Amino acid sequence: MSTPIGVNPVTAMSKADQAEELAIRTTAAAPALEGIIEDLQPAVSSYVTSGLFSFDTKMFDNISQLAQNSINLAENIKGADLEIAATDHDSAEEFQEGLGLLDITINF
């Protein structure tokens, strides 16, 4: 059995929406993680506090990068989806023109 080739524009846009949702959820998690770190600082020794600060800084950098990558992914999916839809539309018009020249009946 062969695997179909092509893109379903509705499914592609759904995937783009999922990538945007990932960006939103990622950035929404940052304040909760910051609160956890703030709660830990008084409970740990000064040796651990510097590690928490380092973790906090790296965590926000990573969250920012993940959110940006998710937004870029969503934009790339949407752009590709629009190009594919435009190409399909153009090809369909050419196909219909070719059918007219053949003067045969094809059931769709």
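Look above for the structure.
For the structure given in this document, a descriptive report is provided here. Values in this document were obtained by computation on a predicted structure and should not be read as measured data.

What counts and how
Residues numbered from 1 in each chain as written. Predicted model: local features only at pLDDT ≥ 70, side-chain atom pairs only at ≥ 80, totals over all residues. Heavy atoms only, no water. Helix = DSSP H or I, 4+ residues; strand = E, 2+ residues; numbered from the N terminus. Buried < 20%, exposed > 50% of the residue type's maximum accessible area, 1.4 Å probe, protein only. Contact = heavy atoms within 4.5 Å. Areas by Shrake-Rupley, 256 points an atom, 1.4 Å probe, with all protein chains shown as cover. Patch = residues over 30% accessible without salt bridge, like charges linked within 9 Å, V, L, I, M, F, W, Y side chains within 5 Å. Salt bridge = Lys/Arg side-chain N within 4 Å of Asp/Glu carboxyl O.

## Points about the overall build of the chain
Point 1. Within the chain one finds two helices and zero strands.
Point 2. For the chain, buried positions account for 15% of its 108 residues.
Point 3. By sequence separation, contacts in the chain at least 24 residues apart represent 74% of the contacts at least 6 residues apart.
Point 4. Accessible surface, the chain as shown: approximately 8300 Å² in total, 60% of it carbon and sulfur.

## Digging into a nonpolar patch on the surface
Point 1. A cluster of nonpolar side chains, namely Leu33, Ile36 and Leu40, defines an oily patch on the protein surface of about 240 Å² accessible area.
Point 2. Note that Ile36 resides in helix H1 (residues 9-40).

## So, the side chain of Ser70
Point 1. Within the secondary structure, Ser70 sits in helix H2 (residues 46-102).
Point 2. According to the relative accessible area criterion, Ser70 is buried, its value standing at 3%.
Point 3. Discounting chain neighbours no more than four positions away, the residues touching Ser70 are Ala19, Leu22 and Ala23.

## Some remarks on the environment of Pro9
Point 1. Looking at where Pro9 falls in the secondary structure, it is placed in helix H1.
Point 2. For Pro9, a relative accessible area of 36% puts it in the partly exposed group.

## Focus: the pattern of salt bridges
Point 1. Scanning the entire structure with this criterion turns up two salt bridges.
Point 2. Measuring nitrogen to oxygen at the nearest pair gives 2.8 Å for the salt bridge that ties Lys78 to Glu20. Placement of Lys78 in helix H2 and of Glu20 in helix H1 is noted, with a sequence separation of 58 residues between them.
Point 3. Judged by relative accessible area, which is 31%, Glu20 ranks as partly exposed.
Point 4. For the salt bridge of Arg25 with Glu21, the shortest nitrogen-to-oxygen distance reads 2.8 Å. With Arg25 and Glu21 both in helix H1 and four residues apart, the pair spans about one turn of that helix.
Point 5. Take Arg25: its relative accessible area is 59%, and that puts it in the exposed class.
Point 6. Since its relative accessible area comes to 35%, Glu21 is described here as partly exposed.

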